[in-house]
Amino acid sequence: MRQYSFFFTFVLLICSMFLQAQNPLGAPLVLNYGKVLFNGGSRTWAIAQDSRGIMYFGNNEGLLSFNGKYWKQYKLPNQTIVRSIYIDAADRIFVGGQGEFGYFEQSELAGLRYVSLNDLIPSDFRQFADVWHAEGFEQGVYFMTSDYIFSFKGGRIAVYPTASEWYFMEVANGKLYAQDRSHGLLRFDNKQWGTVVAAHQFAHAKLSGMLTIGKDSVLVNLQNNKSFLLSANKLKALQASQWGELYT
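The written sequence of each chain sets the order in which its residues are numbered from 1. Restriction of local features to residues with pLDDT of at least 70 applies here, the model being predicted, together with a cutoff of 80 or more for giving and counting side-chain atom pairs; totals for whole chains, interfaces and linings are based on all residues. Processing note: side-chain calculations cover all non-hydrogen atoms of the structure and skip hydrogens and water entirely.

Here we take up the overall build of the protein chain. Counting from the N terminus, the helices are the DSSP runs of H or I reaching at least four residues and the strands are the DSSP runs of E reaching at least two. Within the protein chain, the regular secondary structure consists of 2 helices and 20 strands. In what follows, residue pairs with any heavy atoms lying within 4.5 Å of each other are defined as contacts. Considering only contacts in the protein chain between residues 6 or more positions apart, those separated by 24 or more positions represent 32%. Working note: accessible area of the protein chain is about 15100 Å², and carbon and sulfur atoms make up 53% of it. Values of accessible area rely on a 1.4 Å probe in the Shrake-Rupley scheme; residue burial ignores everything except the protein chains shown.

Rendered as structure tokens:
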């Protein structure tokens, strides 16, 4: 028994000496920023970067910005969480909160100035909760809540109610897609939503992401860790072992 104990201790000693001898040169530099440093909440929901390299974070305490040295915090008018971010070509930072959406723009006096878009919403559709996704598409910006998708284009707001519940929204392969609980995966064409994939083909699981593959295909990932390839409106189930084939 002593021999085994001695051998185990010897192995641990050698391993610790080996780890201490590792040369840190060439290793990637990783910096961790805690809540005390960035002065925000415990959860971050969205990340985006503008043309100047400034990073923006949708946080429980509002919008956070980081220029590589300093952190700043910007509150929404109703003091709610920032769930989603989209930055346009003019570096306007569109954000979705809770019962609120709009954009921050540069101001010489205040750094960033917030412009709410809620007053543009038709009065019958002003009651909504979290804005989970914000996407830019065809010179407009689209905001997704569970009940509505709002589009801001040409200074006006259009509203697209769901048949049941909006689950997901993203731009992939130059097209705007959204998932409806009852109707499945929809695509936005000619100012209307049309079904591309029926809900039962996803076993009613929620989408977690979409990624453009090549010129005419989209990788569709679900929250249940299943993946599909969407091509020519046809859905093909993928195994993890097939992922490498997508990039060859």
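Here we take up unusual backbone geometry. The backbone of Gln 79 sits at a positive phi, close to 60°, despite the residue not being glycine. Here Gln 79 is to be found in the loop between strand 4 (71–74) and strand 5 (84–87). Exposure classes here rest on a 1.4 Å probe applied to the protein chains alone. A residue is buried below 20% of its type maximum, exposed above 50%, and partly exposed in between. Residue Gln 79 is classed as exposed on the basis of its relative accessible area of 51%. In this structure, Asn 173 is a non-glycine residue whose phi angle is positive, near 55°. Counting through the fold element by element, Asn 173 comes out in the loop between strand 13 (166–172) and strand 14 (175–180). Asn 173 sits in the partly exposed class, given a relative accessible area of 27%.

This next bit is on the environment of Phe 168. Inspection of the secondary structure puts Phe 168 in strand 13. Along the chain, Phe 168 and Ser 208 lie 40 residues apart, while their C-alpha atoms are 7.5 Å from each other. The contacts of Phe 168, once residues within four sequence positions are left out, are His 133, Met 144, Tyr 177, Ala 178, Gln 179, Leu 207, Ser 208, Gly 209 and Met 210.

This next bit is on the confidence of the model for the protein chain. The predicted structure's coordinates, where accompanied by low pLDDT, should not be read in detail. A residue's pLDDT is the predictor's confidence in that residue, given on a scale from 0 to 100. On average, the protein chain scores 87 in pLDDT, and the residues at 70 or more come to 85%. Below a pLDDT of 50 lies the segment residues 1–22, which in the model reaches 0 contacts outside its immediate sequence neighbourhood of four places, other chains included.

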